[in-house]
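An overview of the molecular structure
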Amino acid sequence: MKLDPENVTLEQLRELWAGAPARLDDASMKRVAAAAASVERIVASGETVYGVNTGFGLLANTPIPRERLAELQTNLILSHSAGLGEPLPRHVTRLMIILKLLGLGRGHSGVRPALIDALASLLDRDAIPLIPAQGSVGASGDLAPLAHLGASLMGFGQIDLVGDVMPASAALQRLAMEPLQLAPKEGLALINGTQASTALALDALFTGERLFAAAVAAGALSVDALKGSAKPFDERISELRGQPGQIRVAAAIRDLLEGSEIVASHARCGKVQDPYSFRCQPQVMGAALDLLDNATRTLTIEAGAVTDNPIVFADDDAVISGGNFHAQPVAFAADIIAMALCEVGSISERRTAVLIDPKMSGLPPFLVEDSGVNSGLMIPQVTAAALVSENKSLAFPASVDSIPTSAGQEDHVSMAPIAARKAARIARNAAGVVAVELIAAAQGVDLHAPLNTSPKLQQVHAKVRELTAPLTADRYWADDMAAVQAAVLTGTFGTGGWLEP
């Protein structure tokens, strides 16, 4: 895929996250070359410019002689390669590299085309550096993670080469790539930027989109399992409130329930209201969707943004130091994603709890015949409750925290990567919660036979049944739950289409 960093779309980002190939377009390479030439002119003039021929952070006022400029950039990368923890997921690191290419491709960083080519070669050859997940506070950029990326091009650290992890020096040798010698400004351009935080946040967002689609399907299936009312999804109710997410979710549930024999069977029953977790799905899920859409807009903009420092303006050889590396927009977006997905899981678990309770659902206790001897779905619901509780603790916003670094020079930071990593954990946990609901709802619908659910929900039901058989007696549950959770995460119950930038 040829990428124009000045026009990055949500659909492109979704495809890149899923593994689509990427390369900058020709116009980007021309801009890169122009900015690199500008830096060369500045160095030749002897002008003192932060990050080009000075120290960094608290040492910004320390001039560096021309003969030591290459050493300065090399030392910057090595000294900042100080992350800890497990490596970032492979697909997240790949996306981080693509985002770094997009930022550099705007032509305001002053790096040479050779650096772009080196990063692109990693992608083309499926050579993904191992980047420790911990160590960034989201300002001044994602210093440690991006330094590890730069270090790999220099032969330091480790690279996963098509699934084979080896020292970076060995991987470069196998790829016939020379270790990169950095030119002035290039080390700083590599490590300044929000690309690690943004890649992590996009990972949570796109995982959350699949989760959201599955949760809407599960919620509709649960309505039929409960013999719940379809009236709360009447479009007139949502139109009167006017919240866009609510309107969209109500329409989706109406569509899913269309043609259900179960709904038709109790159209004239005396039941007046269902629990909130059923009838307020448009209001709760719609509010979550509106938050996800807001985060989508922020992250789509950030994906193609210039977020390093200082910034080069090649037209007049100006180099201006600012603060685009501060990842506060990403931190807020990630925390919003976390809170939205936390609620998606929370309301899902409540529906499961209603279905397994015979007083609430009118169904057999824990959705199994011969209960007492059989515990049915008793403990899967406990697992869902545990995951929801864990998500509540993870949903506390990281973006309200800050701790000074670099001897007080960097005195307010965003904590964006921490927020984004938490959001991804919440998405995975909530997928487990929704998996339990899908199992419970499918079982509840089975108990209404010979009545059928709607044609569209029959497809959802069939997908569940491909992974877990109907419950007739107690059995080992963990494998079934894990299989349905994996199906939620891989998009079996819905992928793209919910998010609107």
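Residues numbered from 1 in each chain as written. Predicted model: local features only at pLDDT ≥ 70, side-chain atom pairs only at ≥ 80, totals over all residues. Heavy atoms only, no water.

Observations regarding the overall build of the chain
Convention followed: Counting from the N terminus, the helices are DSSP H or I runs at least four residues long and the strands are E runs at least two residues long. Only C-alpha atoms enter the radius of gyration, while the globule expectation follows 2.2 Å times N to the 0.38, with N the number of residues. Summary of the burial criterion: residues with accessible area below 20% of their type's maximum are buried, those above 50% are exposed, and those between are partly exposed, where the area comes from a 1.4 Å probe applied to protein chains only. Contacts between residues were defined by any pair of non-hydrogen atoms, one from each residue, lying within 4.5 Å.
Helices and strands together make up the secondary structure of the chain, namely 20 helices and 9 strands. For the chain, the C-alpha radius of gyration of 26 Å lies close to 23 Å, the compact-globule estimate for 501 residues. Once the C-alpha set of the chain is aligned to its principal axes, its extents read approximately 85 × 50 × 40 Å. Counting across all 501 residues of the chain, residues that qualify as buried make up 56%. Sequence-distant contacts in the chain: of pairs separated by 6 or more residues, those separated by 24 or more amount to 78%.

A look at helix α1 (residues 10-17)
With 6 of 8 residues buried, α1 is to be regarded as a mostly interior element. Among the residues of α1, those classed as buried are Leu-10, Gln-12, Leu-13, Arg-14, Leu-16 and Trp-17. At its buried positions, α1 is contacted by β1 (2-3), α4 (90-104), α9 (195-226) and α14 (281-303). Downstream of α1 by a residue or two, Gly-19 has a phi angle that is positive, lying close to 115°.

Section: the nonpolar core
Short version of the rule: Joining through side-chain atoms within 4.5 Å is the link that ties buried Ala, Val, Leu, Ile, Met, Phe, Trp, Tyr and Cys residues into a set, and such a set is a nonpolar core.
Ranked by internal contacts, the top residues of the largest apolar core, which has 154 residues, are Phe-212, Ile-337, Leu-438 and Phe-493. Of the residues forming this core, the biggest block, 21 residues, is contributed by α9. Not counting residues within four places of it along the chain, the set of residues in contact with Phe-212 comprises Val-249, Met-285, Ala-288, Leu-289, Leu-292, Val-344 and Trp-498. With 8 residues, the next largest nonpolar core counts Val-49, Val-52, Leu-69 and Val-312 among its residues.

Some details on the sheet that holds strand β7 (residues 164-167)
So the rule is basically this: Strands pair, by our definition, only if DSSP identifies at least two bridges between them. To get an axis, a line is fitted to the C-alpha atoms, and for a helix only the part in contact is used. The angle between two axes follows their N-to-C directions and goes from 0 to 180 degrees.
Spatially, the 3 strands line up as an open sheet ordered β4-β6-β7, and their pairing is antiparallel. The two strands at the open ends of the sheet, each matched to only one other strand, are β4 (127-129) and β7. Across the sheet, the mean angle from the axis of one strand to that of its neighbour is 30°, orientation sign disregarded. Across 3 bridges, the pairing between β4 and strand β6 (residues 158-161) is antiparallel. Looking across to β6, one finds that Pro-129 is bridged to Ile-159. Across the sheet, α4 lies against β4 and β6, angled at about 95° from β4, the strand it touches most.

Quick look at the side chain of Ser-260
What counts here: Polar contacts here mean pairs of N or O atoms no more than 3.5 Å apart (in protein, one a potential hydrogen donor and the other a potential acceptor; neighbouring residues in sequence count only if both atoms are side-chain atoms).
Within the secondary structure, Ser-260 sits in the loop between α11 (244-257) and α12 (261-265). A polar atom in the side chain of Ser-260 sits 3.1 Å from the backbone nitrogen of Val-263. Residue contacts for Ser-260: discarding those within four places in its chain leaves Asp-224, Asn-452, Thr-453 and Ser-454.

Re a nonpolar patch on the surface
Put simply, the rule reads: Only residues whose relative accessible area exceeds 30% and that take part in no salt bridge are eligible for patches, with like-charged residues grouped when within 9 Å of each other and nonpolar side chains (Val, Leu, Ile, Met, Phe, Trp, Tyr) grouped when within 5 Å. Per-residue and other accessible areas were derived by the Shrake-Rupley procedure at a 1.4 Å probe size, with only the shown protein chains allowed to occlude residues. Salt bridges are identified by distance alone: a Lys or Arg side-chain nitrogen within 4 Å of an Asp or Glu carboxyl oxygen.
Together, Met-378, Ile-379 and Val-382 make up a nonpolar patch on the protein surface, roughly 240 Å² of accessible area in all. With respect to the helices and strands, Val-382 occurs in helix α17 (residues 378-394). The class of Val-382 is partly exposed, set by a relative accessible area of 42%.

Considerations on the environment of Asp-317
Residue placement: Asp-317 occurs in the loop between β8 (311-313) and β9 (318-320). For Asp-317, a relative accessible area of 24% puts it in the partly exposed group. In sequence terms Asp-317 and Ile-42 are 275 residues apart; their C-alpha atoms lie 7.0 Å from each other. Ignoring anything within four residues of it in the chain, the contact list for Asp-317 reads Ser-38, Arg-41 and Ile-42.

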